[in-house]
Structure formats: C-alpha cells, structure tokens
Amino acid sequence: MTARASTPNDRHERLTAMRAQRRCLDDRDVEPAIEEVDSSGLVPLLEEFVHLPRGRHRRLHLRTLLIGLHLCCRSTGGKLVLERTTDLLCFRLSPHMRTQLQVPDYADDDRGFEAAYAVVRRLFHAMKGAMDPSPLPPNKHLTRQEAQRLIAAADPDELAAREHRLALFTEFVLDASIGPLRGLLTELASGIAVDATPVRTYARGRRAGGPELSTDPDAGWYVREGDHRDPDGSHVADDMEPPKGTRKQTPTTGQAAKPSLAKRYLFGFDAHLAVTRDTQHLKPLLDDGTPDPDVLPALVLGLCLDKPGERPAYNGLKTIRRLQERGYTPGFLAGDRAYNNSEPHEWQLPVRALGYKPVYDYRVDQLGNQGGAQGAILVEGTWYCPSMPQPLIDATSDLHASRIDRETWAARIAARKPYRLMPKEREDAEGHQRMMCPAESGKVQCPLKPRSLGSGVHLPLVDPQPSPTGPLKVCRQRAITLAPEEGAKHWQALDYGDEQWQKIYFRLRNSVEGFNGFAKSPLAETIESSRSRPIRGLAAQTILLVFQIAHANRRKITTWLDSLALGGQRPIRRTNRRRRTKPLGTWTPTGHLAATT
C-alpha cells in the first residue's frame, strides 16, 4: 500500500497546527507573573500618571504590559525585547488567558503582528515618557547648542517628579522580586554594599568634545581607569575599526601589547546597585558542607543609572535613602572609594543620618593620620590618643611601601586597640558623642593621668610630647564631645584592618562584585550587553534593566533554595564539596628530578 502524497493544503494545516502548538503557553506558567505584578502595587502607581496622547484609545492595559515584560524576561533568561513581549501576549497565550488579561485579537500574520506591536510599543513609550528624568530626546543626533537649549527650557520640578516616579518604579519591581524572602530581610539588620557597574547602551558613542551628541544623549564613556570618567574624549568609539588603508600596529617581540580601545572604553551608563548581605552570620556553610539557611543570598534592593563617574554620592544615596521606609533595617554600609571620596555633606554625613554604619577603604595618600579634633587624632577612621607611637600610625603606609610584611602589619593593627578613645555615652539625637581618653578607661598608662599609673605592666605607657601651651584638651579632660562633622570624611564604624573590619568590608564588597558577575553572565541576563536592552534613553534603559535585575534576584533565590538541605533531605542541587585529597599539582618534578649527592 503506497502512501498518499501530501498536498499543499495538508502541509499548510500541519504547519499551522505546529505553530499553534509552539506558541501556546501553559496558564500555570503565566499565573506567577500575574501574581507578582498584582502584589507589587505597580499598576495603581502607574495609572496615576501614564496617559496616552490625546485621541488614542488604550487597547492594552498597563497591568497586561507589565505581565508581558515579566513573561519575556522569564522566557529569554533575563533579556527584554518588545517584539518578544508582543508575541507572548498576543499570540502565545491561551484564549482563556487572553480573555482574562483583556488582550485584543489580532490576525496571525505580518500585518496583525505589526498592529499588535504598535500597541505594545506605544504603551511602553507612554510609560517611559511619564518617568523620563531627562529633557533630551533619544534617537536623535542633537547638537550641543540644541541640547543646552532644551536643558535650559526644561521645568526642573517636572524632571524631579519624573525622577521620583522612576525611582519608585524600580523599588516596586525589586521588592516584588524578593517576595519569598522579604520578611526575613526586613527582620535582619543586613549590611548594604553600594557599587557602580558599567552597562552598555544601544547606541554608538560620540567624542566627548564633538559637535553632536550620541543618539542616547544621557550616556557617556566609561574608562576602565581612575574615576572612570572620559578625560577628554580623544578616542574613537569602541566598535569602530581603524581607517581604511591603515594597518593595525602589532607589538614586536618583547614589547608589551597596549590594551585595545574596546577593553579600555565602554559607552553606556553606570548602574548603581545597592546589594544587601547578611553580616551577622559570617559562616555561610554548615558542618556538612551545605549552605546555612540563616545566611540569606545577596540580593539587589536599589538601582539607578547615570553617566559613568558622575555624581557617585548622589546616586548612591538615591539607592538607599528609602530602604528604611520600605521596611529594611539599616546596618553596615560599604562602598568603593568613589563614594567615600565625596564631600562629607554629600555622602558621609547623610549616610550616618540614615542610621548606617559605614566601613571604608582608603587611597594610599589617605592612610595614617587623617586629622584631629580637640587633641585626638583620626587614624584610618578611628579616634586615637595623640601619643600613639608613630610606627602604629604608619602601619598601613609601611605595608603599601613594602617596608613591613603583612604579619607585622597585622600585629601593629592589633597594637593600636589600647590607644583608642572609648565611648562614654551613646550618640545623642544630633550625632554628638562623649569619648573618653584611653587612660581614663583603663587601657593605657599616662603620666598626665596619675591615677592610671601602676595599673600593670601589661598596659602600654604613653609618652606625651611636652608643649609650651600645656596638655591637649583630650589629655586635660576625662572626656571630650565629638561633633559629627569632626573627621566626618574618613570616620568609620570599625577599626580599619582588624579581623572584624576585614570580614564585614570584604564580605559586602565581594557580594556586590559577585552579583555583578552573576547578572553579567552570557548564559543569563548579560546586563552589560546592549543587545539585551535594545531601546535608547535613560528611562527605557532603567526600566528594562530593573526587570533584568529582578530576574537575577529570583534566579539567585531559586538557586539558594535548591542548595539547602531542609528536613533532613539532601539539597536538590549538588553543592561544591571540598576534597580532602591532595590536588594533582602537589606532585611536581621539583625534588624528584633534582640531582642527588
């Protein structure tokens, strides 16, 4: 019996059935997106200020668009494309779900898709425009004169209102992404790490001093050196090839190759992230090698974008200033040197006013004695006795200059502790605090405080320098009152370099750097790539990026939950085990091939 040849109509019906089967999403896969959008509170927030141009009828609800963005992010592994969102909403949902979400019907052809895509695109840009804090329109090569005119003509109050809306939008999306752990995070005084990581934008860069701006006028060049700002713009775009007729310079033998422009420069934004990490439980693994359920994963709670190297203190504060209002308890706060090199009234004092305990690292030229107040000296963020020995003051400087080894440095850091000024009272409501001389607190012996002498040979004996004006104020009195402005630029809550400082500071810094690598992975969200956010503009890039970061939060929570051993059961995913045997590299030819005598 011979098979009947298939006709064109049969093939068309079969292909149509295959396409229908491919595009149908299970309703159970859509329900988590609906639940997250509804629980986020975004829809009531956006309904207040997102409006289409006059005469346009809204054929798609904002709630439906947000659900579509969520589904797109999940289906692509963290990438957001409006064409994909359109396909998911209008052509891959079941008829029941399309009815529930009030998605209009479109013909399943090129014209139908273009009509649906126009509706999605128009609503997205209306949402973006209501939250755009920039007066410069994207997708145009504006001259610098036109840009200055638009900036001068913009209403500052309106721009500030849009910036506030965009900040609220990012907070709502991020809070919804950590829903399963929200209660645990708000109960802990978790530490916060603030850091800026570069992300590309979907536009080519122009020279910083050129006559025209890029089609993404709010972006800038990120330089992988110094403070990351573009010093003079004397470079070409990182995706440009050398001019025709020229040859690429190849280093000769023995000559080090210079880093390429693509590795040195990046055109885009600085994404300022506020990452939370538990600093109370410093041992992440249990005795059996499985993760401790009490140690929560590092998650992003705040996000904002700006030009690379611009206003680090302003953007850092914008990511953390409302955390307490959102229910998170302030704890330790760490950031790279770009933040604590700001002016005290821009970063250090506001951070302390918000209830955070900052921990800092310093530049080489900021080490050692950082100033004084009322006779006390500030050494690497901590107040000390003015008669502390000079080798202890210069311990970290000597380490950087290779005058001492790390063991000697650690010993000198530990030897500083007796010379610290001790708090006599807690800070008052205005930030003032009474601090005692270390001789008064029984930590050292001092000739200026006769009662401290003879306390024991285990206590250091200070040698105050004679002065024609008499003893310093901290030496004359039992205690002094330090105002928050005194030493504000460099003051920190922990003793620089000691064991607790190293655990807290590096744990927070490693957490934010680890999250950056987690979200930049080419197998996941790839947040640094511009192709994962193919829309220009500060607001559009922020909206798309916050959905990507939220997806990374959810992925991190899922990975963490799967690695836990709960109820006596082994984790779903195998954890990394530390082998007790020696690695192969232990057995090297050294010693085995040496000549014996």
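Structure: above.
For clarity, every value in this text was computed on a predicted model and none was experimentally measured.

Turning our eyes to something else, we now look at the packing of aromatic side chains. If you walk through the whole model with that rule in mind, you get 12 aromatic pairs. Summarising the aromatic geometry, the rings of Tyr362 and Tyr496 are spaced 5.5 Å apart at their centres and angled 45° between planes, so their arrangement reads as tilted. You can see Tyr362 sitting in the loop between strand S6 (357–359) and strand S7 (369–373) and its partner Tyr496 sitting in the loop between strand S12 (479–482) and helix H19 (499–520), a full 134 residues away along the chain. The exposure class of Tyr362 is buried, given its relative accessible area of 3%. When the centroid spacing of 4.6 Å and the interplanar angle of 55° are considered together, the rings of Tyr496 and Trp501 count as tilted. Classification of Tyr496 as buried rests on a relative accessible area of 7%. Taken together, the ring pairs connect Tyr362, Tyr496, Trp501, Tyr505 and Phe506 into an aromatic cluster. Cation over ring: Arg352 sits above Trp491, and NZ or CZ is 4.2 Å from the ring centre. A cation sits over an aromatic face here: Lys556 above Phe518, 4.4 Å from the ring centre.

The next thing to look at is unusual backbone geometry. A positive phi angle is found at Gln374, which is not glycine, with a value near 55°. When you line up the elements, Gln374 lands in the loop between S7 and strand S8 (376–379). Non-glycine residue Glu380 carries a positive phi angle of around 50°.

On to a negative patch on the surface, then. Taken together, Glu83, Asp109, Asp110 and Glu114 make up a surface patch of like negative charges. Here Asp110 shows up in helix H7 (residues 110–130).

This part takes up the sheet that holds strand S9 (residues 382–384). Across the sheet, which stays open at both edges, the 3 strands sit in the order S7-S8-S9 with antiparallel pairing between neighbours. Strand pairing shows two members of the sheet lacking a second neighbour, S7 and S9, which therefore form its edges. Across this sheet, the average inter-strand angle for adjacent strands is 35°, counted without regard to direction.

Between its first and last C-alpha, H7 extends 30 Å over 21 residues, near the 30 Å set by a 1.5 Å rise per residue. Those residues of H7 lying buried are Gly112, Ala116, Tyr117, Ala118, Val119, Val120, Leu123, Phe124, Ala126, Met127, Lys128 and Ala130. Considering only its buried residues, H7 is in contact with helix H3 (42–47), helix H4 (62–75), helix H5 (82–91), helix H9 (156–177) and helix H20 (538–562). Of the residues that open H7, the one with a side-chain oxygen 3.3 Å from the backbone nitrogen of Arg111 is Asp109.

Reading the values: rules and limits
- Every chain is numbered on its own, with residues counted from 1 as its sequence reads.
- Local features in a predicted model are, by the rule used here, given only for residues with pLDDT of at least 70; side-chain atom pairs are given and counted only at 80 or more, and totals for whole chains, interfaces and linings are based on all residues.
- Side-chain numbers here rest on the full set of heavy atoms in the structure, without hydrogens or water.
- Note on aromatic contacts: the rings of Phe and Tyr and the six-membered ring of Trp form a pair at centre separations within 6.5 Å, being stacked when their planes are under 30 degrees apart, edge-to-face when over 60 apart, and tilted otherwise.
- Secondary structure counts use DSSP, requiring at least four H or I residues in a row for a helix and at least two E residues in a row for a strand, with both numbered from the N terminus.
- A 1.4 Å probe rolled over the protein chains alone gives each residue an accessible area, and that area as a share of the maximum for its type sets the label: buried under 20%, exposed over 50%, partly exposed in between.
- The criterion is that NZ of a Lys, or CZ of an Arg, lies within 6 Å of the ring centre and within 35 degrees of the ring normal, and then a charge sits over that ring.
- Each patch is assembled from residues with relative accessible area greater than 30% and no salt bridge, linking like charges that lie within 9 Å and nonpolar side chains (Val, Leu, Ile, Met, Phe, Trp, Tyr) that lie within 5 Å.
- In this description, accessible areas are obtained by the Shrake-Rupley approach with a 1.4 Å probe, and a residue is regarded as covered only by the protein chains that are shown.
- What counts as a salt bridge is simple: a side-chain nitrogen of Lys or Arg found within 4 Å of a carboxyl oxygen of Asp or Glu.
- Neither His nor the chain ends contribute to the count of charged residues, in which Lys and Arg are positive and Asp and Glu negative.
- Where a charge sits is defined by one atom per residue type, namely NZ (Lys), CZ (Arg), CG (Asp) or CD (Glu).
- Strands pair, by our definition, only if DSSP identifies at least two bridges between them.
- Under this scheme, a helix contributes an axis fitted over its contacting stretch, all axes are lines through C-alpha atoms, and angles between N-to-C directions fall in the 0 to 180 degree range.
- Given a helix with a known number of residues, its expected span is that number minus one, times 1.5 Å.
- The contact criterion used throughout is that any non-hydrogen atoms of two residues lie within 4.5 Å.
- Two N or O atoms count as a polar contact when they lie within 3.5 Å, although within protein this holds only if one can serve as hydrogen donor and the other as acceptor, and sequence-adjacent residues are included solely when both atoms are side-chain atoms.

That's the geometry; what it means functionally is another story.
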